[in-house]
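Close look at the chain arrangement
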Amino acid sequence: MAGRALVLGGGGISGIGWMAGMLYGLGEAGVDLGDTDVVIGTSAGSAVGAQLLAGTLKELYERQLTAPEGEIPVRLGVGLLFRYVAVALTSRTPEAYGRRIGRMALAARTPDAAARRAAIESRLVSPQWPDRALRLTAVDTATGELRVFDKDSGPTLADAVAASCAVPGVWPPVAIEDRVWMDGGIHSPANAHLAEGYDRVVVLAPMAVGGGPLASAADQARRLVEQGARAVAVNPSPEAKQAYGRNPLDPAVRAPAARAGREQAAAHVAEVGEVWGV
């Protein structure tokens, strides 16, 4: 399966902004990652991928600079993060981790599902799946298994994005068919392994590290290189992280994150362009 794959990882609203800025900044420098054979989106990456394939890089970027109407302000608390880490360090496989986190997700008190669905819909340029290949990840709360949704899978685009973005303990899980789904980042921060078979792969990963059985984007990119692909993973710089702060779920950070991503893009034009073949 030759061709180009763009992998967009998880990272909350700040991740959405940062990836949009990176994509636009790279595009300004002549490296158009929208010229791809497939977009593989996880969590925040699912929202960015859906927007990217429904418009232009400039439109994607400029959407991040507008007031984030419809978004629900929440905080990813220290206690919840500690629980994620503790479960990861005591789980042997991503599926085992997913099953334990899935139980937590189903038991958690979260904002109203209808309000959350409206927030997801507000992120979409179009309610329809794009014509080009878009693959969005989610994890089964019962089995911990990773699932990839696309236009032929059955769910609406909004349902697939909502499932991929359903951070356990923060947002309500999403029922699709006869299963209940949560954030695709519970399997890995970017799920770049899904790009196996493509010969040019760029991974934009707002979350740089994995943990326990969860592979980092950098490790997955290295494995792709070992298999013969040209691949690179890019993470936010320290300056970008400082620009958007510590709460990735705060709607107010979207614009500064986008500007930080656009500024950071200049430092990666050469390496990304070489992988992309431009």
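Higher on the page you've got the structure.
The notes below deal with the structure included here. (Residues numbered from 1 in each chain as written. Predicted model: local features only at pLDDT ≥ 70, side-chain atom pairs only at ≥ 80, totals over all residues. Heavy atoms only, no water.)

**Re the overall build of the chain**
Broken down by element type, the chain carries 11 helices and 8 strands. Taking 2.2 N^0.38 as the reference for a compact globule, 278 residues should give roughly 19 Å; the C-alpha atoms of the chain span a radius of gyration of 17 Å, in line with that estimate. In terms of overall dimensions, the chain has a C-alpha envelope of 50 × 40 × 35 Å along the principal axes. The buried share of the chain, taken over its 278 residues, is 55%. Pairs at least 24 apart in sequence give 79% of the contacts found in the chain among residues at least 6 apart. (Helix = DSSP H or I, 4+ residues; strand = E, 2+ residues; numbered from the N terminus. Rg over C-alpha atoms; globule rule 2.2 N^0.38 Å. Buried < 20%, exposed > 50% of the residue type's maximum accessible area, 1.4 Å probe, protein only. Contact = heavy atoms within 4.5 Å.)

**Looking at the pairing of strand β7 (residues 200-204)**
In terms of residue burial, β7 counts as a mostly covered element, since 4 of its 5 residues are buried. Pairing geometry for strand β1 (residues 4-8) and β7, over 5 bridges, is parallel. Across the sheet, residue R4 finds its bridge partner in β7, namely R200. Strand direction decides the pairing type here: β7 and strand β8 (residues 230-234), joined by 5 bridges, are parallel. Looking at the pairing, V202 lines up with V232 of β8. The β-α-β motif built from β7, the intervening helix α8 (residues 217-226) and the parallel element β8 has right-handed crossover chirality. (Pairing = 2+ DSSP bridges. Right-handed = clockwise from strand over helix to strand, strands pointing away.)

**Focus: helix α10 (residues 254-265)**
Under the 1.5 Å per step criterion, the end-to-end length of α10 is 17 Å for 12 residues, consistent within 8% with the ideal 16 Å. Of all the positions in α10, only R254, A255, A257, A258, A260, G261, Q264 and A265 are classed as buried. Considering only its buried residues, α10 is in contact with α1 (12-28), α3 (57-65), β8, α9 (238-244) and α11 (269-276). (Expected span 1.5 Å × (residues − 1).)

**Some thoughts on the pairing of strand β4 (residues 146-149)**
In summary, the side chains of a regular strand alternate between the two faces of the sheet. One ladder, built from 4 bridges, connects strand β3 (residues 133-140) with β4; its direction is antiparallel. Note on β4: the bridge partner recorded for T137 is V148. Linking β3 back to β4 in an antiparallel pair, the connection comprises 5 residues, with G144 at a positive phi of about 75 degrees.

**Examining the packing of aromatic side chains**
Per the counting criterion, the structure on display carries 2 aromatic pairs. Each ring, one from Y24 and one from Y61, has its centre 4.8 Å from the other, and the planes form 20 degrees; the classification is stacked. Placement of the pair is Y24 in helix α1 and Y61 in helix α3, with a sequence separation of 37 residues. The same class applies to Y24 and to Y61, which are both buried. The interplanar angle of 80 degrees and the centroid separation of 5.3 Å between the aromatic rings of F149 and W181 together place this pair among those described as edge-to-face. Here F149, found in strand β4, pairs with W181, found in strand β6 (residues 179-183); they are 32 residues apart in sequence, far enough to count as distant. For the residue pair F149 and W181, the accessibility class agrees, reading buried in each case. A cation over an aromatic ring shows up here: R116 above the ring of W171, its NZ or CZ 4.0 Å from the ring centre. (Phe/Tyr/Trp six-rings, centres within 6.5 Å; stacked < 30°, edge-to-face > 60°. Lys NZ or Arg CZ within 6 Å of the ring centre and 35° of its normal.)

**Some thoughts on the environment of L249**
Residue placement: L249 occurs in the loop between α9 and α10. Judged by its relative accessible area of 7%, L249 falls in the buried class. For the pair L249 and A133, spaced 116 residues apart in sequence, the C-alpha separation works out to 27 Å.

**Quick word on the nonpolar core**
L6, W18, L23, L33, V202 and L204 are the most contacted members of the largest nonpolar core, which totals 53 residues. At 8 residues, α1 tops the list of elements feeding residues into this core. The contacts of L204, once residues within four sequence positions are left out, are V7, L8, G9, W18, M19, M22, L23, L33 and V234. Among the nonpolar cores identified, the runner-up in size contains 19 residues, and V87, A88, A105 and M182 belong to it. (Core = buried A, V, L, I, M, F, W, Y, C linked by side-chain atoms within 4.5 Å.)

**A closer look at α1**
Here α1 contains 17 residues, and its C-alpha end-to-end distance of 24 Å stays within 8% of the 24 Å for a straight helix at 1.5 Å per residue. With its phi angle positive at about 95 degrees, G30 sits one or two positions after the end of α1.

**Here we look at the side chain of T141**
Checked against the element boundaries, T141 lands in the loop between β3 and β4. For T141, the side chain forms a polar contact with the main-chain oxygen of V180, separated by 2.9 Å. In this structure, T141 is in contact with G98, R99, G102, R103, L106, P173, V180, W181 and M182, ignoring residues within four places of it in sequence. (Polar contact = N/O pair within 3.5 Å; in protein donor to acceptor, adjacent residues only side chain to side chain.)

**Some details on the packing of α3 against α10**
Two elements in contact, α3 and α10, have axes separated by 7 Å at closest approach and are oriented at 140 degrees. The pairing of α3 with α10 is recorded here as oblique in orientation. Only R254, A255, A258, R259 and R262 of α10 make contact with α3, whose side of the interface consists of Y61, R63, Q64 and L65. The residue makeup of the contact of α3 with α10, split by class, is 4 nonpolar, 1 polar and 4 charged. (Axes fitted to C-alpha atoms, helices over the stretch in contact; angles between N-to-C directions. Parallel < 35°, antiparallel > 145°, perpendicular 65-115°, else oblique. Nonpolar A, V, L, I, M, F, W, Y, C, P; charged D, E, K, R; others polar.)

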